[in-house]
Structures are given as C-alpha cells and as structure tokens.
Number of protein chains: 4
Amino acid sequence: MKKTIRLIISCPDQVGIVAAVSQFLNERNGSILEASHHTDLDQKRFFMRHEIDASTLNIDVDEFRAQFGSIAEEYQMDWCVSDSTEKPKVILLATKESHCLNDIMHRWHTGELDCEIVGVIANHEDLRSMVEWYKIPYHCVVVPREDKMPAFKEMERYIDESGADTIVLARYMQIFPEYLCEKYKHKVINIHHSFLPSFVGAKPYHQAAVRGVKLIGATCHYVTAELDAGPIIEQDVIRVRHSHAAEDMVRLGKDIEKLVLSRGLRLHLEGRVLVHGNKTVIFDA
Amino acid sequence: MKKTIRLIISCPDQVGIVAAVSQFLNERNGSILEASHHTDLDQKRFFMRHEIDASTLNIDVDEFRAQFGSIAEEYQMDWCVSDSTEKPKVILLATKESHCLNDIMHRWHTGELDCEIVGVIANHEDLRSMVEWYKIPYHCVVVPREDKMPAFKEMERYIDESGADTIVLARYMQIFPEYLCEKYKHKVINIHHSFLPSFVGAKPYHQAAVRGVKLIGATCHYVTAELDAGPIIEQDVIRVRHSHAAEDMVRLGKDIEKLVLSRGLRLHLEGRVLVHGNKTVIFDA
Amino acid sequence: MKKTIRLIISCPDQVGIVAAVSQFLNERNGSILEASHHTDLDQKRFFMRHEIDASTLNIDVDEFRAQFGSIAEEYQMDWCVSDSTEKPKVILLATKESHCLNDIMHRWHTGELDCEIVGVIANHEDLRSMVEWYKIPYHCVVVPREDKMPAFKEMERYIDESGADTIVLARYMQIFPEYLCEKYKHKVINIHHSFLPSFVGAKPYHQAAVRGVKLIGATCHYVTAELDAGPIIEQDVIRVRHSHAAEDMVRLGKDIEKLVLSRGLRLHLEGRVLVHGNKTVIFDA
Amino acid sequence: MKKTIRLIISCPDQVGIVAAVSQFLNERNGSILEASHHTDLDQKRFFMRHEIDASTLNIDVDEFRAQFGSIAEEYQMDWCVSDSTEKPKVILLATKESHCLNDIMHRWHTGELDCEIVGVIANHEDLRSMVEWYKIPYHCVVVPREDKMPAFKEMERYIDESGADTIVLARYMQIFPEYLCEKYKHKVINIHHSFLPSFVGAKPYHQAAVRGVKLIGATCHYVTAELDAGPIIEQDVIRVRHSHAAEDMVRLGKDIEKLVLSRGLRLHLEGRVLVHGNKTVIFDA
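So, how was this worked out
Residues numbered from 1 in each chain as written. Chains lettered and ligands numbered in written order. Predicted model: local features only at pLDDT ≥ 70, side-chain atom pairs only at ≥ 80, totals over all residues. Heavy atoms only, no water. Helix = DSSP H or I, 4+ residues; strand = E, 2+ residues; numbered from the N terminus. Buried < 20%, exposed > 50% of the residue type's maximum accessible area, 1.4 Å probe, protein only. Polar contact = N/O pair within 3.5 Å; in protein donor to acceptor, adjacent residues only side chain to side chain. Contact = heavy atoms within 4.5 Å. Least-squares fit on C-alpha atoms with pLDDT ≥ 70 in both. Salt bridge = Lys/Arg side-chain N within 4 Å of Asp/Glu carboxyl O. Buried area = accessible area lost by both parts, 1.4 Å probe.

Draft legend 1. Structural context of the side chain of His 268 of chain D. All names here are of chain D. Here His 268 lies in helix H8 (residues 246-269). Its relative accessible area of 15% is what places His 268 among the buried residues. Here the side chain of His 268 touches Tyr 222 through a polar contact of 2.7 Å, side chain to side chain. Aside from chain neighbours lying at most four places away, what touches His 268 is Thr 166, His 186, Ile 189, Tyr 222 and Val 273.

What follows is the structure, given as structure tokens:
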C-alpha cells in the first residue's frame, strides 16, 4: 500500500480555499490521489479531505504540518495532517456476543482494516479464548449493577495506558458513562441494532416486532451523552416478513450490525468522517 | 388473466384447519394456484390465503360462499371469498403533487393494477387536466382551514356514492378525520414519506436532514385515528449523503414513495394483506 | 435554481492541474459549489468536474471559455464549459410501451429533469395522445422490416432539425443503426432490461427465467455499434423468486428500468458522466 | 429449538395432493408450523414443504416414513422426510482465503447454523490454526498441477469416511472434478464471486472492472460438470464506483460472498431448496 499524507480541513466557507491549498500542494510537488470537498450552505462551512502520495512530496509530514500552519490560520481552519503509516490504535469493548468482535478481528487479521488493535475490554470472560487466538490482550472488567464507577475508572485507565485513539463498542451491553463520552468525544463508535432514530434504547428488535416494520436496520454512530443520539456514521437495513419473530430479527440483524460497524469503523480510521454539530460529512472513496 | 377465486381466512390456531379447507377444495375439484399459511405463535392465530383456478371448480362463487359457511363456523373463522373478475373500486385523494397519482393512474391505464379507479378527490384544481386525460372523474373539494367538517362530509358522500372499497391517500396533505378512519377501517391506505416509526408528522425529510440519517424511506400503511401509527403494509429506503439537503431528499424520496405505495396498493387489491392488531401478514407471491 | 457554470475536464494525469484550475477560478472570484476529481491510475488519466456559482464570477461564460483555452492547451485537456441556463435538448424514441416514456415526461413536466424535450419519435401511433397531452411533438416513423434505411434517414433528419443533443431510447424496440451510433457518439442513451453483461439481446427476462437467477436488473448505457456493449452509466436490480414467471419479471422489471433510465439520464444531462474507453466516470453529487 | 419433522415433496401436478397430505397429517394430529407450495405451470410439476411440530404427532419419524409411502406412490412423488434432530453433516473445502470459512465456522460455533461440521479439507496449510481453534479436524490435501486425480481420490475417501452429506466450496480455488460433481449431485455448494451468468470462470472482479459495471455480486449455486452453470440458490450485489479498482472490488465483494454463501447454506441445510432441472424452488420462511 502506498504511503500517503492525509490533510483534513473544516473552515468557514469563502472563495479561494481550494486554490490556496492546491497551490500549497503543487509547490511541494504533491500528487493528489483523492480529493473531496463539501460546502454546508446552511452553516456556510467548508469541508475538505486530500490524500496525497507521500513519495511525490518534497517535504516530510512534520515539515508539511509546520508549513501548512500559516494557510490554516489565514482561513481559520480546524485541520489535521496524518501519515498513513502511523496506524490508529483501536480498543474494542464487548460483552458476550461475538459476531461484531469476530468480524472486526478477522478483518484486521487479514489486513483489511488498517489499524493496530491494542486490546479488548469485556465485562465477561466468555470471549477470552477467541480474542487471545488473535494474540490480542483481553482485559475483563466486571461492571457490578450497584456501583459501576470503579469499573469505568479501571477501563479508563486501561484505555489511556493502551494509547488507543478509537474505542469501539462492539455490542458492549453497558451504557458508556457520560464523563467518558465527553473525554473521548468523537472517538467512541457504537453499533446500535436499529435504524435510528427508531427504537432507541433496549431491545430494539422486540420494539420492531411489536411495531410490525418491514425492514430492520443497524446504525453506527459516535457516542454522546444522550443515548443513541450521536452523529450517525453509517446505516443499513434488511427486509423482514411477518413470519420473522423478534428472535429471527435478532439473527438477521447480526449480519447488518457487523457490516455497518465495520464500514463505519473503516471510514473513521481512514479519516473520512468529519463531524459538524450532530451530523457527519462522509468522504468515501 | 385466469379467473380465480380467493379464499382468505383468519382464525384461532388448531390442528386440522388445513386438512378441512383442502378437503373442501378437493371435493369441489378446485385446483390451487397459490396457497399461503402463517401461524402467529404469540396470538395463537392462524392466517391462510388460497387462490383457486375458478375454471376447475364445479361450483360458482356464490355456491362456494354458501357451502363454506359450515367449516367457517366450526373453526370460528373471519373469512372472505372473492372473485378476481369483481374488480375492487379505488378512489384516490390528492393535493397538488402528482408523482404518486400519476404513477398509480399509469399502472392502472396499462393494465398493471387490476382495479377500477372510480374517481380522484383533490383539494386543489391543479391535477384536473392530468386526471381527466385518463378519463377518470375529478372532484375538487376545498378544505378550508377554519371549518373542515363540511368538506369531509362532502368527500364522504362522494366516496359512498362511488362505491369505492379502497381509498388511497396519494400524498393528500390533509389529516383524514378520525370518524372516517373508523368508518373505513383497513380501507384507507396512506403513503408517509419516512421510514416509520421515525419522523412521524409534518416535514419528515427536513427532520431526516436535521438528524443526519444515511437512508431515507417511505411507508405505506392503513390509516388509523393515531397519526402515522396504523398497520404497516410496505416500506423501503434509499441511500442519501451529506451532500443531499432536505430538498434533494424530497426529490429522491419521491421515487421510493411511488414504489412503496404502488406495491402496497397492489398487495391490498389482491387480498394479500391480512391485518391483526396493529400488524399485517403479507402473503406476497 | 442557481445559475451555474460547469467545467468538465479530462487530460493526462500530472501534478499541478488542480492548482492551475483552482487558481484560474479564484482569480475570477468563482465560488465552487461542487468539485469532483478522479485519477485512473492504469490509464494515467485525470478527470475533473467543477460546478461554479455563475453569480460570483467576474466574467461571463464566453469570456470563461476564451480565457480557459491556454490552461487547457498546456495540460492537453479534453474539456467543455457549459452554462446551466442553456438547457440540453432531448429527443425520446419509443415503440408501444409507455412506462419509461411516461416516467421521463412526468419528471420533466414537474421540473425534476432540467432539459427541453424537443420531441418523441415512435414507430407506432399508440403513444401519441399521451405525448401530446404534455404538448411535446410526436413524430411517427414506421420502420418496415424489409427496408429500414429510409426510416432511419427520416429519423436522422428529424433529430438534426430538432437540435437535440441527447437521444434517449426509452424502450425503443429497433436496433439503432451503426452509422447513427457513430454520428451521435456518447449522445444516445439506451435502457436495456437486464443486468449487463448478462442477457444481451432479445427477451432478457425470458433468458433470466430460464437461467433461474434470483435478481433481475436493468442497465442504462451509451449505445455503440456492438449491441448492448456500450459504456454503462447506471444499473440496478430487484429480487425475484421461483414463483415469478417471465411475465412477472417483465412487470417487476419495469420499475427498475424506469428508475435506472431516469437516473442515468439525469447524470448525463448534468454533465456528470465522463466516458473513457468503454467505461464511465460518474461524478454524482 | 422445537423438534420438527420436515416433509419435502415434488411430483406431477394434479388436484388433490394438498388435501391428501394435509389429511394424512391431520389423522396423525400433526401441527403444521410452516407450509409452502409451488406449482411450476410450464413443467406441470408441484413442490411442497411442510415443517411439522414433532411433539404433536402420534407417530415417530420412522412410522411416518413407512405410512407415507402409499400416498407418495399414488402421486408419484419424489419425497423425503427428515427429523430436525438429525443434524446434517457438512464438510468445508478451502484454499488460503479465510473470509467465507471463518464466517461459516463462527455461525456454527454460535449456534446459528444447525449442522455438524465434520471437517475442513484445504490444499494449503495456512488455515489450520484457525480451523483447529474451532476444534474442527483439518485435512490438508495438496493438489499438484500436473496430476490432480490422486488428490481428488484422497478427498473423496475423506469425504465418504466423514459421512458428510453437504460439501461447501468456501472459496476453494480448484475446479471440482466432473466425476465428483456427478457422485455428489446437489450436495456440493459453491460460492462464485460474480453475479452469474456474468463473469464465469477466473478473476470475475477483474472482468467486472474491465466491463465497467456499477454493481458487483456473488452467487451461491450447486456445482455441476459445467463450470459456474449449476442451479442458483442465492445471489446478491453491492454497488461500486469508478473509483473502485479491481482490488477494491475484491475487498468489497468478500462481504457479499460471505452473506450469500451463508444464506444459501442455511437454506440448503433446512431443506428449503428444491432443485428441478437447472433451477431451484426456494421455500424460505
């Protein structure tokens, strides 16, 4: 895989941004492999992502960062530059159900997900053997019903020590505490097993069966303090029939949960998700 | 198209129903073209639909009805028998938007929808010329904001005189009054421009744009007193992106609205929708 | 709708193109509403489309064309500049089936397709009344089995006199002659009722039924001399079951044909389809 | 899970079959959990599948078989009766790619696929550790390019000794020999990585990239002597764009391959696939 530099920008919209950035890249001989723009006309905000062939640039990533600062300041940019060889560090949280966890670990194992998985935290022991087969550290943190805070503190310590920059709730059946949502803002990815905003909260497939919907879905989103209400990254649905009871929906839904979570995670890891307010701009290839 | 007899049954579940019905059909030499069953295990209720080649039966539809009565009584059946040559009568309600109306009229005109369209009621004059090209009577009933009841009374009279047994709200932008929902129970079909139960009520595409969903949808359902909460017949979705503003969703959504409404209407007209409680059993071919 | 200038470019790939073009736009104060790039790494060819807010530019479209010439020459560009107020002229060809024709005319009538429909040519009289309701000229050119050339010559004359720049075969059941495919290269859009390259030629739904496929599809493509082998613009599919005979597929397929053709036509009219070799780059919003 | 008896029938179509079978079931007090019928009007052939609650029957599965014989003879039925507690035995064949293999093993491990996996045969050692984690026997049979027959003979011996009644080619990259196709007719399931009949044979994603299709797919089918031409069980597709090179299609296609193979295998294991000629009747729930 080619080494690339990713430049991600969000700033107030005005004429000249694209010219300034492309002029900057051209002067450093950067060959643009992929470029995406979006202007939010309501918010008058501009979003841009470039993927540049690092081998064509006549400077390295640190010089790039240093030199880009003046443009960034001029246009009041929120921006970041990253290097595709610095792999993002991911930590996975799970409970007992393995379909999402197995799916992510298998994709990582076969080189499909370009990241480092630094560990799995679970509140049960059930998945230890599967995780350890992948040579990923498994850390069991039981979350007692009556006093959860010490457990979350332990998880926080473990996350921070691991250096993880992305936390994936791979069907983790505990509500992530508000203070950690704040601390890891836009870094915690959840998969909810409904087509949000329908069926927030517990047992969404049972809610779906009661309402008699003809499609069920799954939603990958950033976790925020409000339950199942954070910025949506990806969603998909699958058709169901009257003959499908809630337990059939649980089974059918797993396939959509896996797909939606792995697609959402991939987009996040490649810097293709730009959050503004409670919405996302998705620059997929 | 073959003349067929449709036998539709719903009754408490017990052993022997299928045997009794198929024995009844066999004794009258009825060749079964299509048969569908469903047992709702929670409700212990059984649903069945048969489509029988009328030319093979040694009795006519009236004799069929008369003779089937004793089985129906024995098994406490809700049932109906219909003859595919007795075309259902459909009345369409619209406002100014023509995409659903044109779609249904065109399908009917080309023989795809097996029904009689007895008229269009609209609360504006805009669609008259299009409807009249199809030689369908157009009846404009203005619904004044301050006193709607006389208008609904006029519509009711018109519907009853037309003999319509199915009323389609083809993007009719008035709330259908509760007393008419009761009177025409399970006969009024609406298309709602969202994937229910998300985005009930007004301006669902704008709600969808605000929430930042990645799929938008449409829902065809029977109208009940509670807004957008009746039994769902059919739903579908289409993918949207961050670049789609609410007005793009309005445009993209039209294609899904048309498809979902025409599929739902077709299922209804062919007696493939069996309602129980707030859910539907759909016996599609 | 905003007046926009569209700049569409294809050229050998090299560093500096984006900078040159965006510098050009910036110097003329052009606000970029939408920008899309693609590099074909095999062919080392670069593709770009810009949509610019015309009201922000300090020159008009003719000056734009004149001034852009030197950049275009420097980078050996195939390019075109168009003005969104110059509506493309479309001519529709049909036979007896109306579903695609009605769909396109209705979208045009309601302002969804931004073009001028200059006429319909059909080889039968069946659709005249429907077309004339839309106040579109209807021209019937019978194509006799034994000597088709005079008919095609008449159609060619009619097309040329109409000034049409896009020719849509809306389920036109004659093979478009090779010399017209050459003459109107990348201007003739066909809808084929299969998921190409499966089921080329006649009766694709019957071929699909014989093969027992579980999905059927439709393909919108530019017409070339080789039958059903031109560059693909858009495709989609719909699920079928063993209970669907070929005639059910014909009915179900119509919905996909309509959608795929109207999506493909829209992409073409908005200058979002760039052909290279036998493939297309699609810059959808 | 309830113990059920499955009765699967195919016979010449005639009036009275349903009555005879349901009478038979009723006399033995069998409660029908699921019933599906299909008549192929061209072939005048009737297909039926019943799933009966075993606990309600007043006979066991052997008596059922013995007593059903006379009806079966009368109506010239091809038929089989099976007991849901007799788990089908599955053997998996693989090469180096693990996505389909891991997917099936994980579904089986979590109880989603109701079968016994009796072994994996692979022509490389790469997947041994993954398979053995699941405690499934792994048997490596190298297939030398110059003389493949001894390898196939060894595989045949291994399959026969395992008692497998279903053989799954989970991206097995060797052509299954004709004599084994004959021997295990309708027992060998393959996943082909294209939407058949498009792109038969080697490197279908590269063929798809060359043709410029806008959707790619996968097909699960029974293996027959003619390459990629056997009866289709299940198919699905995923959208691709001009920015997807063949290697992106390979990655995206894996998700469809896994889903389509596992759905097809599940249908097969539950006796929901009835083959006639080169087509399948699929009685899904």
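Don't stop here, the text continues.
Draft legend 2. Representation of the relation of the copies chain A and chain D in the model. Rotating chain A by 180 degrees and moving it 0.0 Å along the rotation axis overlays it on chain D with an RMSD of 0.0 Å. Accordingly, the operation relating the two chain copies is best matched by a two-fold axis. By C-alpha distance to the rotation axis, the residue of chain A lying nearest is Trp 133 of chain A, at 3.8 Å. Looking at chain A, 100% of its interface residues are interface residues in chain D too, so the copies touch through the same face.

Draft legend 3. Structural context of the pattern of salt bridges. Scanning the entire structure with this criterion turns up 125 salt bridges over all chains. Here Glu 156 of chain B ties to Lys 153 of chain B by a salt bridge, and the two come within 3.8 Å at their closest N and O atoms. Remark: Lys 153 of chain B and Glu 156 of chain B occur in helix H5 (residues 149-162); sequence separation between them is 3 residues, near one turn of the helix. For Arg 107 of chain C, the salt bridge goes to Asp 103 of chain C, with nearest N and O atoms at 2.9 Å. With Arg 107 of chain C and Asp 103 of chain C both in helix H3 (residues 99-109), this residue pair falls 4 residues apart, about one helical turn. The network of salt bridges with shared partners includes Arg 6, Glu 34, Arg 49, Glu 51, Arg 266, Glu 270 and Arg 272 of chain A.

Draft legend 4. Highlighting the interface of chain A and chain D. Of the residues lining the interface, 23 residues belong to chain A; the matching set on chain D comes to 23 residues. A combined buried area of about 1900 Å² lies between chain A and chain D, and 48% of that area is made up of carbon and sulfur atoms. Taken as a group, His 106, Trp 133 and Arg 251 of chain A account for 28% of the area that chain A buries against chain D, more than any other trio of residues on that side. Across the contact surface, chain A and chain D share 4 salt bridges. Where Asp 255 of chain A meets Arg 107 of chain D, a salt bridge forms, and the shortest distance between an N and an O atom there is 2.8 Å. Inspection of the region where chain A meets chain D yields 6 residue pairs in polar contact (both at pLDDT 80 or more). For the side of chain A that touches chain D, the secondary-structure elements that each account for two or more residues are helix H3 (99-109), helix H4 (128-133) and helix H8 (246-269) of chain A.

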